[in-house]
Amino acid sequence: MEEVVFVSTRHNLLEKVYQTNDLTKEEITYLLENITHADREILYRYALKTKQAYYGDKVYLRGLIEFSNICRQDCRYCGIRASNAKVERYRLTPEEILTCCAQGYKLGYRTFVLQSGEDLWYTEEIFIDLIRAIRKSYPEVAITLSIGERRPETYQRLFAAGADRFLMRHETASQELYEKLHPTMLFDDRRACLSALKDLGYQVGAGFMVGLPGQTPADLADDLRYLKEFHPDMIGIGPFIPHSETPLGAEKGGTLKDTLVMVALARLLIPDSLIPATTALGTLDPQGRELALKAGANVVMPIITPTSVRKQYELYENKICGDDHPEDCRYCIERRIQAAGFDVDLGRGDSRQFISR
Ligand code: 5AD
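Bear in mind that the values here come from a model prediction, so they are computed numbers and not experimental data. (Residues numbered from 1 in each chain as written. Predicted model: local features only at pLDDT ≥ 70, side-chain atom pairs only at ≥ 80, totals over all residues. Heavy atoms only, no water.)

**Q** Looking at this model, I keep getting lost on the site of the ligand. Mind explaining?
**A** Lining the immediate surroundings of the ligand are Tyr77, Cys78, Gln115, Arg169, Glu171, Met209, Pro239, Phe240, Ile241, Leu315 and Tyr316. A distance of 2.5 Å separates an oxygen atom of the ligand from a polar side-chain atom of Glu171. Between a nitrogen atom of the ligand and a main-chain N or O atom of Leu315, the distance comes to 3.4 Å. Of the residues that constitute the shell around the ligand, the class distribution is 8 nonpolar, 1 polar and 2 charged. (Near = heavy atom within 4 Å. Polar contact = N/O pair within 3.5 Å; in protein donor to acceptor, adjacent residues only side chain to side chain. Nonpolar A, V, L, I, M, F, W, Y, C, P; charged D, E, K, R; others polar.)

In structure tokens form, the structure reads like this:
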């Protein structure tokens, strides 16, 4: 009798999130604590259908340029944290970044994601000149920044110079866990940055890691509720993968299954968002990104960082594509997307929410 009640409760929750794109924190927590293999299959199918209703079978590509691994922050999970003395640090010059863009443009990319550690060598002025130069050469591309926390005035000037989008994961919605993991950052600052970026008119990406040490189903429910309320244009979700040169090196990492469930729930709760099948998922499992595409993701971010420095941008260990060249990643990804049954779209791929704004 009891089992029948549970089955019908889970079944009702799956139907509810599919029909209404909403669940309470308690409902999400209950689902995460009791989910079965069969429930997961239903969830993935509903997420795929929802993705198709909003974006069809298109998968958008973004060229990712990891332009500096120098970081002033000291996040306990991250391989390029300031106190890891074992990474060889690098910093691409604005000219080198422009060369990456030229190469990326030739490969067909129409979004460039400029990502780095929090490296203050790149001043506001340097970024402004760089963004203007990219804009001038490629007027139609989307320029996405992923450079961490700066002053709102800086965000405003970079937007005015021509940046379109900004990625900054909230990392975890649990204040207690956030504070444990980020000795050099504040929970409220992160949220304030995200809100400021959104108010300035950026298309904003938030997101979190799955399987962090101490993270509970209720914490993950908070992550999804925060996203539902903040309504970002983009949502990055990846498994935590331990890095041996960090204080969390001996911890367990996040699993493929748990991450896919969170991707699917994010799609169902925030149906018009752009959700990448992350490199971290591809690192955890050779089919990780394809499985994410089948569970609601609709973006892939192939790396166009020069091969000479790629391996040094090691946020977590065994990151894939370290020896590859930009053209390898471009065509490898296209084959994988097609083999999974989806169509590559090289356009700007703005979010549905942004288009209707
Ligand atoms: N495992 C998985 N993801 C990580 N990130 C940083 N370190 C790790 C790790 N060890 C993620 C963070 C960050 C993004 C760029 O990479 O969520 O926002």
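Past the structure itself, the notes keep going.
**Q** Teacher, can you tell me more about the sheet that holds strand S1 (residues 58-61) here?
**A** For sheets, the rule is that strands pair by backbone hydrogen bonds, running either parallel or antiparallel. Here 3 strands make up an open sheet; going across it, the order is S8-S1-S9 and the pairing parallel. At either end of the open sheet lies a strand with only one pairing partner, and these are strand S8 (299-300) and strand S9 (343-345). Sheet analysis places S1 next to S8, joined by 2 bridges and oriented parallel. Each bridged residue has a counterpart across the sheet, and for Leu61 the counterpart in S8 is Val300. The sheet contacts of helix H14 (residues 326-339) involve S1, S8 and S9, and relative to S1 the element is tilted by about 165 degrees. (Pairing = 2+ DSSP bridges. Helix = DSSP H or I, 4+ residues; strand = E, 2+ residues; numbered from the N terminus. Contact = heavy atoms within 4.5 Å. Axes fitted to C-alpha atoms, helices over the stretch in contact; angles between N-to-C directions.)

**Q** Can you walk me through the pattern of salt bridges in this structure?
**A** Charged atoms that come close allow side chains of opposite charge to pair. Taken as a whole, this structure holds 24 salt bridges when the rule is applied. Note that Lys319 is salt-bridged to Glu66, the shortest N-O span being 2.8 Å. Of this pair, Lys319 sits in the loop between helix H13 (307-310) and H14 while Glu66 sits in strand S2 (residues 63-68), and the two are 253 residues apart along the sequence. In this structure, Lys319 and Glu66 share a single accessibility class: buried. Arg72 is the partner of Glu118 in a salt bridge, and the nearest nitrogen-oxygen pair spans 2.9 Å. Residue Glu118 is located in the loop between strand S3 (111-116) and helix H5 (124-137), and its partner Arg72 is located in the loop between S2 and helix H4 (94-106); the two are separated by 46 residues in the primary sequence. Bridged by salt links that share partners, the residues Arg135, Asp164, Arg165, Arg348 and Asp350 form one connected network. (Salt bridge = Lys/Arg side-chain N within 4 Å of Asp/Glu carboxyl O. Buried < 20%, exposed > 50% of the residue type's maximum accessible area, 1.4 Å probe, protein only.)

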